[in-house]
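A structural walkthrough
Next come the chains, spelled out residue by residue.
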Amino acid sequence: MKIKLGYGTGFQSAEVPEKNILKLLEPNEISRKGSPASIVRDALANPIGTPALRDIVKPGEKIVIITSDITRPMPTWDVIPHVLDELYAADVKAEDVTLVFALGSHRAHTEEEKKKLAGERAFSEIKCVDSNPDDCIHMGNTSMGTPIDITRVVAEADRRICLGNIEYHYFAGYSGGIKALMPGASTPAAIQANHSMMVNENACAGKLDGNPLREDLEEAAELCPIDFIVNVVLDEHKQIVHAVAGDVKKAHRSGCAFLDSLYKVQIPQRADIVLVSQGGAPKDLNLYQTQKALDNSKHAVRDGGTIILVGACQEGLGQKVFEEWITEAEKPADLISRVRENFRLGGHKAAAIAMVMERADIKLVSEMDKDFVESIFFEPYSELQSAVDDALAKHGNDASIIVMPYGGSTLPVE
């Protein structure tokens, strides 16, 4: 059986004995509901756990809409016009509405980037600003000690509306929901306190209940209430296929359930060998991005098995702190110890890779220099076929294989 996996702008292919294939993981089929606009409008007309947005807000109230920054695929420009229509239907004035881009610990936007994210209409009608970690109000601490320090314009608002897209998050379970507020509109200290819990085994993709990191985040809504959310689910082409609106927790859970119906794929058992790709460019531009596919693949491989990670990584590692951590470590365990002691964005992905390395061997098919790849604890390959042949030689001719062509999206479950 010929397997083709996305690699840069092309493919890597390998011949694999068909009898060894345990499962080929692809997104589940879903029925399309209509245009992005009609999907969002329908969600707003049928909120989950709250009245309609127009029945919540009142004229004269200061309203903030918090949305994702430029590092996220959230199509704010498609969603916010319909949110504004709801607000205006309640006689809210445009001058009382502020769109806040949740930076987390990322860089500030240019004015052109703000305009691109907000879309022409919102950018011209309402204030559009970045969150500011240097101007926050302390609203209390969670039971786990995480400081809830929220950017002033959000903390002082009368009403708070969160936008976001829902996808799997490798330690918060899912994106979306409360994450626009916390950690999105918070501070590096708050992110450090919360994200250091990523080493807990229950802090993993697809898990909400019992996930200490997610539960810590959601306590923020008790200290800084969210009045309404609008979250969307995107297909592999980043088009809106589903939307939910309403209560920060109930609507979010409904959106997560839909995501599961699309991207959570049942496997009969964990395999000896997993072949996984991000799907090619631009998702495999560097190792920092390709890591997402690796993390999902850990749910498909047995302990002691082999993961063959396919990603061109034409731009190398892709993030400064990530590069520092992974090149400074003498062994993978050093990265896990380091993130426990001092969580840093970028470094956390190096630690996440190390956590997978504790359970499985990882062969990396990429364009990076082989000596360099070895120095960061991967087995280097330039061709998928060679990696497959070596994995079969190690695990035997009867080794079971799972193939994940869209590893960044699909989540294997037993």
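Look up: the structure comes first, before these words.
So, a few notes on the structure that sits alongside this text. (Residues numbered from 1 in each chain as written. Predicted model: local features only at pLDDT ≥ 70, side-chain atom pairs only at ≥ 80, totals over all residues. Heavy atoms only, no water.)

**Remarks on the sheet that holds strand β17 (residues 361-365)**
What counts, and what does not: Here a strand pair is declared whenever DSSP counts at least two bridges between the two strands. Secondary structure is summarised from DSSP: a helix means a run of H or I of at least four residues, a strand means a run of E of at least two, and numbering begins at the N terminus for each. Axis definition: a line fitted to C-alpha atoms, over the contacting stretch in the case of helices. Angles run 0 to 180 degrees between N-to-C directions.
A sheet is described by the order of its strands in space; here six strands give the open sequence β3-β19-β15-β16-β17-β18, paired in parallel fashion. The strands lining the two open edges of the sheet, one partner per strand, are β3 (21-24) and β18 (379-381). Taking each pair of neighbouring strands and ignoring which way they run, the sheet shows an average axis angle of 20°. As judged from the three bridges shared by β17 and β18, these two strands associate in the parallel manner. Following the sheet pairing, lysine 363 is matched in β18 by glutamate 379.

**A word on the pairing of strand β13 (residues 240-246)**
Our working definition: When accessible area is computed with a 1.4 Å probe and restricted to protein chains, residues below 20% of their type maximum are described as buried, those above 50% as exposed, and intermediate ones as partly exposed.
Within β13, seven of the seven residues are buried, which leaves it mostly tucked inside the rest of the structure. Here strand β12 (residues 228-234) hands over to β13 after five residues, with lysine 238 in that stretch at a positive phi of 65°.

**Focus: the layout of surface pockets**
One way to see where empty space is left: roll a probe the size of a water molecule over the atoms. What counts is decided by this rule: In this analysis a 1.4 Å probe is tested at points of a 1 Å grid over the protein atoms alone, and where it fits but cannot get out there is a cavity; an open set with protein on both sides within 12 Å along at least five of seven lines is a pocket; lining residues have an atom within 4 Å of a point. Grid points are joined across faces, edges and corners, and a volume is the space filled by probe spheres set on the points. Basically, the charged four are Asp, Glu, Lys and Arg, the nonpolar ten are Ala, Val, Leu, Ile, Met, Phe, Trp, Tyr, Cys and Pro, and anything else, Gly included, counts as polar.
Computed from the structure, the second largest pocket encloses a volume of approximately 370 Å³. If you go around the second largest pocket, you meet 19 residues; those closest to its centre are Asn200, Glu201, Lys298, Met355 and Arg359. At the level of secondary structure, the elements contributing two or more residues to the lining of the second largest pocket comprise α13 (332-341) and α14 (347-357). Residues that form the lining of the second largest pocket fall into these classes: 10 nonpolar, two polar and seven charged.

**Notes on the nonpolar core**
Generally speaking, a soluble globular protein has its nonpolar side chains buried in company with each other. Applied cut-off: Residues belong to one nonpolar core when they are buried, are Ala, Val, Leu, Ile, Met, Phe, Trp, Tyr or Cys, and are joined through side-chain atoms within 4.5 Å.
Leu181, Met198, Leu287, Leu309 and Phe378 are the most contacted members of the largest nonpolar core, which totals 88 residues. The greatest single-element share of this core, amounting to seven residues, is contributed by α14. Ile56, Leu84, Leu163 and Ala243 belong to the second largest nonpolar core, which has 35 residues in total.

**Regarding the side chain of serine 68**
Put simply, the test is: Whether two residues touch is decided by their heavy atoms; if any such pair falls within 4.5 Å, the residues are in contact.
Note on placement: serine 68 falls in strand β4 (residues 63-68). Classification of serine 68 as buried rests on a relative accessible area of 13%. Discounting residues that sit within four places of it in the chain, serine 68 has contacts with Met74, Phe101, Leu117 and Gly164.

**Some points on the sheet that holds strand β5 (residues 97-102)**
Overall, mixed pairing links the six strands, which are arranged β6-β5-β4-β9-β12-β13 in an open sheet. Both edges of this open sheet fall to β6 (127-130) and β13, since each of them pairs with a single strand only. Neighbour-to-neighbour, the strand axes of the sheet open up by a mean angle of 20°, direction not taken into account. With six bridges joining them, β12 and β13 adopt antiparallel strand pairing. Directly across from asparagine 231, in β13, lies its bridge partner valine 244.

**Description of the packing of aromatic side chains**
Here is the rule we go by: Ring geometry is summarised as follows: Phe, Tyr and Trp rings, the Trp one being its six-membered ring, pair when their centres sit within 6.5 Å, and such pairs are stacked at plane angles under 30 degrees, edge-to-face over 60 and tilted between the two. When the NZ atom of lysine or the CZ atom of arginine is within 6 Å of a ring's centre and also within 35 degrees of its normal, the charge is said to sit over that ring.
In total, this model carries three aromatic pairs according to the counting rule given. Taking the centre distance of 5.3 Å and the plane angle of 40° together, the rings of tyrosine 168 and tyrosine 174 count as tilted. Among the residues examined, tyrosine 174 registers a relative accessible area of 3% and is labelled buried. Residues tyrosine 170 and phenylalanine 171 carry aromatic rings whose centres are separated by 4.9 Å and whose planes lie at 80° to one another, so their mutual orientation is edge-to-face. Note on accessibility: tyrosine 170 and phenylalanine 171 belong to one class, buried. The ring of phenylalanine 11 is capped by lysine 4, whose NZ or CZ atom sits 4.5 Å from the centre of that ring.

**Here we look at helix α16 (residues 384-395)**
Worth spelling out the cut-off: Here, expected helix span is obtained from the residue count minus one, scaled by 1.5 Å. It is the directions from the helix axis to the C-beta atoms whose arc is reported.
In a regular helix each residue adds 1.5 Å, so 12 residues correspond to 16 Å; α16 covers 16 Å between its end C-alpha atoms and thus fits that length. Every buried residue of α16 is accounted for by Leu384, Ala387, Val388, Ala391, Leu392 and His395. For α16, the buried positions fall inside an angular range of 130° around the axis, keeping them on one side. The first or second residue beyond α16 is glycine 396, which carries a positive phi of 100°.

**Describing unusual backbone geometry**
A cis amide bond links methionine 182 to the next residue, proline 183, at an omega of 15°. If you trace the backbone, proline 183 turns up in the loop between β11 (173-174) and α7 (188-195). Following alanine 281, the chain continues into proline 282 via a peptide bond in cis, with omega recorded as 0°. Position of proline 282 among the secondary structure elements: in the loop between β15 (271-277) and α11 (287-297). Residue aspartate 91 is not a glycine yet carries a positive backbone phi of 65°. Phi at cysteine 313 takes a positive value of approximately 50°, unusual for a residue other than glycine. By relative accessible area, cysteine 313 is classed as buried at 1%.

**Here's the deal with α13**
Burial in α13 covers these residues: Leu335, Ile336 and Val339. Down the axis of α13, the buried set is contained in an arc of 100°. They therefore lie on one face. For α13, the exposed residues set more than 90 degrees away from the buried face come down to Arg340 and Glu341. On its buried side, α13 packs onto α12 (320-328) and α14.

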